[in-house]
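# Summary of structural features
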Amino acid sequence: MHRDRDGTGRQDALRHSGTIDTLTSERIDRIRWVARRHYQVTDAWFLPAKGGQWHDLGGPMTALEFADAQAFCDRTLRHDALLVIEDARRHPDFASHPQVVGPPHLRFYAGVPVRDSDGLGMGTLCLVDTAPIASPTLDLGMLHVLATQVEDELGKRPSPQPASKPSREHIDTLTGLPNRRLLQMLMEAELAVARQRNHSLSVCLINLDGFKCINESHGSAIGDEVLQVMAGRLRDAVRRQDLVTHLGGDEFAIMLRDRLQPEACNRILDRIRLPIRTSTHVHSLTASMGVTCYPDDEEDPDALLHHAYQAMYSAKEAGKNGYCRFDLEHHHSRRKRLAVARDVHLALSRQQLELFYQPKIDYHGDTVAAFEGLLRWRLPSGDILPPGCFLPAIENSWLDIEVGKYVIDTALRDLDRILQRGLPYSISINVNPSSLLDSGFIDYLHQALARHDRDLAGRLTLEILESTSPPEELDTIVSNIQACLRLGLQLSLDDFGTGQSSLSYLRTFPTQKIKIDRSFVIGMLDNPEDEAIVAAIIGLSKSFKRRVVAEGVENGAIEARLKRLGCDLGQGFYYSPALPFEQAMTWAHDYSRRRQ
């Protein structure tokens, strides 16, 4: 069969018992576009019955001389059913037809009647091709369905006729609405026109709240009555040129040929909220609705429907009985996070995650006292990614907990190496809130420590981020912190001063160390308020008998000021960036030699 070779041609509109406007003509052209694409034939025509007139409403005429084609239309209408001519050259009545023996050299024809509300034929919707086609190779039920769409566009859809009963493959038998398959076909046609003409196209997905209860309490027959009423209400709530479809169950979709405004959304929901009287009861329903719009959203019918579903579920989560618009920016952000999370999972399994170590200097003895283990991702290319590039994507997830376990195992392994070399250093690591809230966290710590020397526990410090400790979960966090202390671990309250409950946390969290957030330390030379905050934190820590670590030490002047204020330890680029384990050990050795 031939592919569609005339996707840009337009056919004139039919004036039959009234004026057919340009918009209706365009809608019929799109139905023809669907027919051509679905059946992959040379063209699809809409031919008028005798007395119909063709008018050019702004587009070029097709190659068809409609007067010559009238015979095909008349034969179909007299037949009052689908008429198929597999090879016109072999048909006794059409072998000598001007359009068979001459241009466009038609060979195949298949047409169905298009009727008015009285069942009288207005014209035919037909397929034509320049090659013969065996009709069993085509499912011509779709042609009947498209003919009913033409009737809808003309506003004269007849009562069902046995001779042109729509295919169940494309029409929902309960509501008489187009189904999902036909919706997707028509969306494809509408999107093609919207792209070409820079128009908008909205997709609205509707789910009835509480419909399941009606089915369970009153039976499926009453449920079917409700769905039929809803189908009619939705048709009445939108314009004639908009398409209402039944996707199945309690779900409907509407395709609107422009941007759906809030007042239209509210009008649809108001119609749904009206009480429904069935044969036995009066029912009240609401709906959750999701809306997305091209060109803001993507150009694929499946993607648009999927995004409308996502928006509908957001409306459900927001309390039902309302609508939500699809947030494309949030969607792309979420997809990016999921992609990063998948890559992190893969990196974890391939051991591409590493701990780099930044030294902490004891100001009382000017010695290397400890290292903070900071997570890095070594890419196959050799590039190193800092944690800010990937940890936010897994925050508060099961993968966050797994990465936390990996960090604990790696720190303990490296502490083993430090102990075997007779070095005095300890290691601190960050513990995320997900781990502290995990019911298996303490058991995992206990098992991990059991695999190492008993002295290791005292050399491992867990740094708890004050700014990300959920206040509503403090009891669980405090309980796990106390369990960590019973295991012999050291604890530090990290980024102190940045949260809203710093003083409360200082009293509540039984930690041995306080770490001043780097934002205060870096600015303390130029901002008296920052220096006052640093001095206050150091004073409070001394009162609570906690050791104080300052991070963000960038130069000797900051170090000197911290020492005068009584800070215990400092950490920052003034000493060293975070380094791989062996490089960090070499740096510590060289630092000790310089200070001797």
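Scope of this entry: the structure provided in the associated data block. (Residues numbered from 1 in each chain as written. Predicted model: local features only at pLDDT ≥ 70, side-chain atom pairs only at ≥ 80, totals over all residues. Heavy atoms only, no water.)

### Focus: the sheet that holds strand β13 (residues 322-325)
If you walk across this open sheet you meet the five strands as β8-β9-β7-β12-β13, and the pairing is mixed. What marks the edges here is a single partner per strand, and that holds for β8 (243-248) and β13. Direction aside, neighbouring strands of the sheet carry axes that sit 20 degrees apart on average. Relative to β13, strand β12 (residues 286-294) runs parallel, the two being bridged by four bridges. Paired with M289 across the two strands is Y323, which belongs to β13. Of the strands in this sheet, β7 (201-209), β8, β9 (251-256), β12 and β13 are in contact with helix α9 (residues 301-317), which crosses β12 at around 140 degrees. (Pairing = 2+ DSSP bridges. Helix = DSSP H or I, 4+ residues; strand = E, 2+ residues; numbered from the N terminus. Axes fitted to C-alpha atoms, helices over the stretch in contact; angles between N-to-C directions. Contact = heavy atoms within 4.5 Å.)

### What about the layout of surface pockets?
In this approach a probe as big as a water molecule rolls over the atoms, and the regions it shows empty are the leftover space. Within this model, the largest pocket holds a volume of roughly 910 Å³. What lines the largest pocket is a set of 40 residues, among which L374, P387, L391, N430 and L465 lie closest to the centre. Elements supplying a minimum of two residues to the lining of the largest pocket: β14 (353-362), β15 (367-378), α11 (398-420), β17 (426-431), α12 (433-437), β18 (460-465) and β19 (490-496). Counted by class, the lining of the largest pocket contains 16 nonpolar, twelve polar and twelve charged residues. (1 Å grid on protein atoms, 1.4 Å probe; cavity = no way out; pocket = protein on both sides within 12 Å on 5 of 7 lines; lining within 4 Å. Points joined across faces, edges and corners; volume = space filled by probe spheres on them. Nonpolar A, V, L, I, M, F, W, Y, C, P; charged D, E, K, R; others polar.)

### Overview of the side chain of R32
Relative to the elements of secondary structure, R32 occurs in helix α1 (residues 22-39). A polar contact of 2.7 Å, which involves the side chain of R32, links it to the backbone oxygen of A44. (Polar contact = N/O pair within 3.5 Å; in protein donor to acceptor, adjacent residues only side chain to side chain.)

### Let's talk about the pattern of salt bridges
The full count for this structure, using the stated rule, is 25 salt bridges. A salt bridge links D87 to R107, with the shortest nitrogen-to-oxygen separation between them at 2.7 Å. In this pair, D87 is assigned in the loop between β4 (83-85) and α3 (98-101) and R107 in the loop between α3 and β5 (108-115), connecting sequence segments 20 residues apart. Each member of the pair, D87 as well as R107, carries the same accessibility label: buried. Between E582 and R417 there is a salt bridge, and its shortest N-O distance comes to 2.9 Å. Highlighted residues: E582 in helix α19 (residues 581-595) and R417 in helix α11, separated in sequence by 165 residues. On the basis of relative accessibility, which here comes to 38%, the residue E582 falls in the partly exposed class. When its relative accessible area of 26% is taken as the criterion, R417 is described as partly exposed. (Salt bridge = Lys/Arg side-chain N within 4 Å of Asp/Glu carboxyl O. Buried < 20%, exposed > 50% of the residue type's maximum accessible area, 1.4 Å probe, protein only.)

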